[in-house]
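Coordinate inspection notes
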Protein chains: 2
Amino acid sequence: MTHTYQYPHPAVTTDVVLFTIREDSLQLLLIRRRNAPFEGRWALPGGFLDIDEDLERCAARELAEETGVTGIELEQLRTFGAVDRDPRERVISVVYFALARVENLHLRAGDDAADAGWFALRALPELAFDHDQIIRAAHERLVTELSRSKIVFQFLPETFTLEELRRVYEILVDAEIDKRNFRRYFLTQGMLEPTGQLCRRGGQRQARLYRARERDPVAHLG
Amino acid sequence: MTHTYQYPHPAVTTDVVLFTIREDSLQLLLIRRRNAPFEGRWALPGGFLDIDEDLERCAARELAEETGVTGIELEQLRTFGAVDRDPRERVISVVYFALARVENLHLRAGDDAADAGWFALRALPELAFDHDQIIRAAHERLVTELSRSKIVFQFLPETFTLEELRRVYEILVDAEIDKRNFRRYFLTQGMLEPTGQLCRRGGQRQARLYRARERDPVAHLG
DNA sequence: TCAAAAGTGTTTGCTATACACCCATGA
DNA sequence: TCATGGGTGTATAGCAAACACTTTTGA
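Residues numbered from 1 in each chain as written. Chains lettered and ligands numbered in written order. Predicted model: local features only at pLDDT ≥ 70, side-chain atom pairs only at ≥ 80, totals over all residues. Heavy atoms only, no water.

**Re the packing of aromatic side chains**
Residues and elements named next belong to chain A. Threshold: The aromatic pairing rule takes the rings of Phe, Tyr and Trp, using the six-membered ring of Trp, and pairs them if the centres are within 6.5 Å, calling planes under 30 degrees apart stacked, those over 60 edge-to-face and the rest tilted. Here's how the labels work: a residue is buried when its accessible area is under 20% of the maximum for its type, exposed when over 50%, partly exposed in between, all with a 1.4 Å probe on protein chains only. In this scheme, Lys NZ or Arg CZ marks a charge over a ring once it lies within 6 Å of the ring centre and within 35 degrees of the ring normal.
Within this structure, the stated rule accounts for 17 aromatic pairs over all chains. Ring centres of Phe-153 and Phe-160 lie 5.8 Å apart, and the angle between their planes is 20 degrees; on these two criteria the pair is classed as stacked. We classify Phe-160 as buried; its relative accessible area is 1%. A cation over a ring is seen here: Arg-78 above Phe-80, with NZ or CZ 4.5 Å from the ring centre.

Shown next as structure tokens:
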């Protein structure tokens, strides 16, 4: 069955840039393409929009189909539509970005993906389409959102220690952060809630566990 | 001539939210639709993407065709794609936003627009499609970008007085701003360059004129 | 001479940064 | 007992906010 229009229509796809922290580095999820074009190359998980499907739902579906990853909060990044970005036809791609705690994810390659895996942002393979540009834009967004919202907690498990939180920050901003200033900041900001629990995560002395408070208390005032 | 695809394709459009400051209020540019659907309703300037046309170029072209406005810097805002946002067919709209000094613009209604005009954000008419949602998103973006970049200057003429700049800020944040703190901030930030000229803009005493420096001097260090 | 807008400094509190040692515990 | 990571306080400088009067000039 075919579909006919009076004017030419571009195809619309969605792609997802999913970041996580793994092995002490910022990594993202790629799939190896099973089909042409760019067969065998690594690419962002994504695919064609169904005609009666919401954009964000499409992104979530393609992510699940190709990598097995589900239950991730997606945020729209930007739409990429350069005329020659896909050799087959004109393709407009609406790109989403997301963060994940890696231990929650059950990775497996899906239908259109020969393989799926995590890659350090600093050591990406050669990519299909304009996905290197897309990833650069997503990384910029990640850095600017860091200071403006509470997204760091999406990298961490439900409960975590202050030192774990600090380590995540250090990886994200790629710099050392003073331990005492960091602790004071988070302990006085009120976005953390002590669980009362202690834990030992490899170190000797036990550390206090915290969880992220639902919302920034200041936000309630607006 | 018709165009046929193996799978259904959505249509892709671009729309533009163009803000300006006029009559002491924040206003934006709307056109009155000449054709169905929503014939006679006010809407954002925009239209269908040509198959070999860059997204941003499409936005600029439609803006020019429908309103006569040219030479505006466009920034991508977000893509809207709810399944039922257009009654004709599935339409994905890539929305751009932009700021303008109103005195530079030569407004005139174009082919697909029965009329074009400025409307205060606080007193919008009933709008076509989901354009009220789009405008709300654009306004949010405007407010957050205000503090993070130098976009205010896009509302002002080449040279301006500190009091004019302050008045623009007051309209944008919808609050009073302390005159002395405001002046000190801008005079010490180094983003203004005194022209050495004076002018009288209706008041009695003459005021010094400034222009925006090309770049934030701090940005050069990065 | 007065009305109307331009211009000018100081104080105070908060926030960001720099910086070094003690504590608890398992091996 | 020592190695490892968790936990703690103070001093300083820069920034944000509050606040009221003088100057210029045309009408």
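**With respect to the protein's contact with DNA strand D**
Quick note on the threshold: When we say a residue is near a molecule or strand, we mean one of its heavy atoms is within 4 Å of it. What qualifies as a polar contact is a pair of N or O atoms within 3.5 Å, subject to a donor-acceptor requirement within protein and to the restriction that residues adjacent in sequence count only when both atoms come from side chains. Numbering of helices and strands starts at the N terminus; helices are DSSP runs of H or I of at least 4 residues and strands are runs of E of at least 2. In the scheme used here, Gly and all other residues not listed as nonpolar or charged are polar, with Ala, Val, Leu, Ile, Met, Phe, Trp, Tyr, Cys and Pro taken as nonpolar and Asp, Glu, Lys and Arg as charged.
Around DNA strand D sit 20 residues, and of these Arg183(A), Gln204(A), Arg208(A), Asn181(B) and Arg205(B) come closest. Expressed as a percentage, the sugar and phosphate content of the atoms of DNA strand D within 4 Å of the protein is 41%. Arg184(B) is positioned with one of its side-chain polar atoms (N or O) 3.4 Å from a base nitrogen of DNA strand D. Looking at the surface near DNA strand D, the elements with two or more residues in it are helix H4 (179-189) and strand S10 (207-212) of chain A together with helix H4 (179-189) of chain B. Residue composition of the surface near DNA strand D, grouped by class: one nonpolar, seven polar and 12 charged.

**A few points about the interface of chain A and chain B**
Cut-off, in case you're wondering: Should any heavy atoms of two residues lie within 4.5 Å, those residues are counted as being in contact. Reported buried area values correspond to the accessible surface (1.4 Å probe) lost by two parts on association, with both partners' losses combined. A pair is scored as a salt bridge if a Lys or Arg side-chain nitrogen falls within 4 Å of a carboxyl oxygen belonging to Asp or Glu.
At the junction of the two partners, chain A supplies 31 residues and chain B supplies 31 residues. Of the roughly 2,600 Å² buried between chain A and chain B, counting both surfaces, carbon and sulfur atoms make up 57%. For the pair chain A and chain B, the number of links is zero salt bridges. Here chain A is connected to chain B by 14 residue pairs in polar contact (both at pLDDT 80 or more). Elements with a minimum of two residues in the side of chain A that touches chain B: strand S1 (3-5), strand S2 (11-22), strand S6 (75-80) and strand S7 (91-100) of chain A. By residue number, the principal contributor to the side of chain A that touches chain B is S6(A), which donates four residues.

**Description of helix H1 (residues 55-67) of chain A**
Residue and element names in this part refer to chain A. Condition: Helix span is expected to be 1.5 Å times the residue number reduced by one. Arc definition: directions from the helix axis to the C-beta atoms.
For H1, which comprises 13 residues, the first-to-last C-alpha distance of 18 Å matches the rise-based estimate of 18 Å (1.5 Å per residue) to within 8%. When H1 is considered as a whole, its buried residues turn out to be Leu-55, Cys-58, Ala-59, Glu-62, Leu-63, Glu-66 and Thr-67. In an axial view of H1, the angular spread of the buried residues amounts to 130 degrees, which keeps them on one side of the axis. Among the residues of H1, the N-terminal cap falls to Asp-54, whose side-chain oxygen and the backbone nitrogen of Glu-56 are separated by 3.2 Å. Immediately beyond the C-terminal end of H1, within one or two residues, lies Gly-68, with a positive phi of roughly 80 degrees.

**Focus on the sheet that holds strand S10 (residues 192-199) of chain B**
Residue and element names in this part refer to chain B. The following threshold applies: When DSSP locates at least two bridges between a pair of strands, those strands are taken to pair.
The three strands lie next to each other as S9-S11-S10, forming an open sheet whose pairing is antiparallel. What marks the edges here is a single partner per strand, and that holds for strand S9 (159-160) and S10. The pairing of S9 with strand S11 (residues 207-212) spans two bridges and is antiparallel. Within S11, the residue paired with Phe-160 across the bridge is Tyr-210.

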